Amino acid sequence: MIFLKSDEEIELLRISNQIIAKTLGELAKIIAPGVTTAYLDKIADEFIRDNGAVPGFLGQDGFPKSICTSVNEQVVHGIPSEKVVLQEGDIVSVDVGAYINGFHGDSAYTFCVGEVAPETVALLKATKESLYKGIECAVEGHRLGDIGNAIQTYCEARGYSVVRELVGHGVGRELHESPEVPNYGRKGNGPVLKSGMTIAIEPMINLGRRNVVFERDGWTVRTIDRKPSAHFEHSVAIRHGKADILSGFQYIEEVLGDKAI
Ligand code: MG
Ligand code: MG
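Given the structure is predicted, the values throughout are model-derived calculations rather than measurements.

Asks: How do you make sense of the overall build of the chain when you look at a structure like this?
Replies: In terms of helices and strands, the chain carries 5 helices and 15 strands. The globule rule puts the C-alpha radius of gyration for 261 residues at 18 Å, and the 17 Å found for the chain is close to it. With the principal axes as the frame, the chain shows a C-alpha extent of 45 × 45 × 40 Å. A total of 261 residues make up the chain; the buried ones form 54% of that total.

Here it is as structure tokens:
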């Protein structure tokens, strides 16, 4: 069942997502070689709570931390740890959730740690761009498959591969609602998109093969060939027929300037 949201509910979703956007901006200030992913989790947790929200991922299906931090070949759901110290040349995908006023937000960004290999930077740029290609299709009258098709077409044309095992999703009173939003698919397939739908679009794109494995910690997903993977995510409403991005990377971009992806 797809829950359509009123304009008022969409504004509440925007509040959750703007707290996330600001949290990602705070993390952009501190991501550097030598920083642990546990420290990123601590700063994010405090910032989300200082803004009156609750970390949306903490305890979700038993997840033990407030954000997900996935380094290099890790695709998503990496668990922040004191043992994971960011190194020059790493990439770290940071996924943040915040819950306030009865609504969840969900957004992710892949950061460079110092100087990163050009082929990896190119993967990040393409993944971010593919997110916006998908969002362009999130308009009334299109079908859900159009979004995945746009992301897949853009990424595969550049030689990258699209993870199949994990997908985007509806977002609202629950973190994960119907429908599933795959990053692959056929044009014209799937449900018709309607005003009031709120979805998290989140391409997970690999430099090498598309296949992934699940680590023994029960959470972390990594590429089978251990090549890098990128993840960018926005929560998007279809509002008055058009795509309305509820999250945002503007605070990250303010901090990183020219170095933003
Ligand atoms: Mg997410
Ligand atoms: Mg999500």
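Asks: Just checking my understanding: could you explain the packing of helix α3 (residues 118-136) against helix α4 (residues 144-156) for this structure?
Replies: Axes are the key here: two packed helices are described by the angle between their axes and the distance separating the axes. Across the interface, α3 lies against α4 with an axial gap of 8 Å and an inter-helix angle of 150°. Taken together, the axes of α3 and α4 lie roughly antiparallel to each other. Pair α3 / α4 crosses with right-handed handedness. Together, Ala126, Glu129, Ser130, Lys133 and Gly134 of α3 and Ile147, Ala150, Ile151, Tyr154 and Cys155 of α4 make up the contact between the two elements. Taken together, the residues of the contact of α3 with α4 sort by class into 6 nonpolar, 2 polar and 2 charged.

Asks: Help me out: how do you make sense of the coordination of the magnesium ion (ligand 1) in this one?
Replies: On the protein side, the magnesium ion (ligand 1) has Asp95 (OD), Asp95 (OD), Asp106 (OD) and Glu233 (OE) as donor atoms, found 2.0 to 2.4 Å from it. Sequence positions of the donors to the magnesium ion (ligand 1) reduce to the motif D-x10-D-x126-E. Between the two metals, the magnesium ion (ligand 1) and the magnesium ion (ligand 2), the spacing is 3.2 Å, and aspartate 106 donates to both. Of this pair, aspartate 106 sits in strand β5 (residues 103-112) while glutamate 233 sits in the loop between β13 (229-231) and β14 (234-239), and the two are 127 residues apart along the sequence.

Asks: Explain the coordination of the magnesium ion (ligand 2) to me, please; I cannot follow it from the model alone.
Replies: Perfect tetrahedral coordination of a metal by four donors corresponds to 109.5 degrees between them, and perfect octahedral coordination by six donors corresponds to 90 or 180 degrees. The coordination sphere of the magnesium ion (ligand 2) contains the protein donors Asp106 (OD), His169 (NE2), Glu202 (OE) and Glu233 (OE), at a distance range of 2.1 to 2.2 Å. Look at where the donors of the magnesium ion (ligand 2) fall in the sequence and you get D-x62-H-x32-E-x30-E.

Asks: What's the story with the pattern of salt bridges in this structure? I'm lost.
Replies: A side chain of one charge can pair with a side chain of the opposite charge if their charged atoms are brought near each other. Counted by the stated rule, this structure contains 12 salt bridges. Here glutamate 11 ties to arginine 14 by a salt bridge, and the two come within 2.9 Å at their closest N and O atoms. Linking glutamate 11 with arginine 14, this pair stays in helix α1 (residues 7-30), spanning 3 residues, or about one helical turn. It is possible to trace a salt-bridge network through shared partners that takes in Glu11, Arg14, Arg239 and Asp244.

Asks: I would appreciate a short explanation of unusual backbone geometry in the present structure.
Replies: In this model, serine 178 is joined to proline 179 through a cis peptide bond whose omega is 0°. Turning to its location among the elements, proline 179 is positioned in strand β8 (residues 177-181). At asparagine 101, a position not held by glycine, the phi torsion is positive, near 55°.

Asks: How should I be thinking about the nonpolar core in this particular structure?
Replies: A general feature of soluble globular proteins is that nonpolar side chains tend to end up buried together. Residues Leu27, Ile31, Val94, Phe111, Ile147 and Ile201 are the most contacted members of the largest nonpolar core, which totals 55 residues. What isoleucine 147 contacts, discounting residues up to four positions off in sequence, is Gly134, Cys137, Ala138, Val181, Leu193, Ile199 and Ile201. Membership of the second largest hydrophobic core comes to 7 residues, among which are Val75, Val76, Met204 and Val221.

Asks: Would you take a moment to explain the sheet that holds β13 for this structure?
Replies: Strand pairing in a sheet takes place through backbone hydrogen bonds and is either antiparallel or parallel in direction. Read across the open sheet, the 3 strands follow the order β6-β10-β13; overall the sheet is antiparallel. Lying at the two open borders of the sheet, with one neighbouring strand each, are β6 (161-162) and β13. Here strand β10 (residues 204-206) runs beside β13; their pairing, made up of 3 bridges, is antiparallel. Bridge pairing links isoleucine 205 to alanine 230 in β13. In the packing of α3 onto the sheet, contacts are made with β10 and β13, and the angle to β13 comes to roughly 35°.

Parameters and conventions
Residues numbered from 1 in each chain as written. Chains lettered and ligands numbered in written order. Predicted model: local features only at pLDDT ≥ 70, side-chain atom pairs only at ≥ 80, totals over all residues. Heavy atoms only, no water. Helix = DSSP H or I, 4+ residues; strand = E, 2+ residues; numbered from the N terminus. Rg over C-alpha atoms; globule rule 2.2 N^0.38 Å. Buried < 20%, exposed > 50% of the residue type's maximum accessible area, 1.4 Å probe, protein only. Axes fitted to C-alpha atoms, helices over the stretch in contact; angles between N-to-C directions. Parallel < 35°, antiparallel > 145°, perpendicular 65-115°, else oblique. Left-handed = near helix turned anticlockwise from the far one by under 90°. Contact = heavy atoms within 4.5 Å. Nonpolar A, V, L, I, M, F, W, Y, C, P; charged D, E, K, R; others polar. Donors = N, O, S within 2.8 Å, 3.2 Å for Na, K, Ca; no water. Salt bridge = Lys/Arg side-chain N within 4 Å of Asp/Glu carboxyl O. Core = buried A, V, L, I, M, F, W, Y, C linked by side-chain atoms within 4.5 Å. Pairing = 2+ DSSP bridges.

These values are about where atoms sit, not about what they do.
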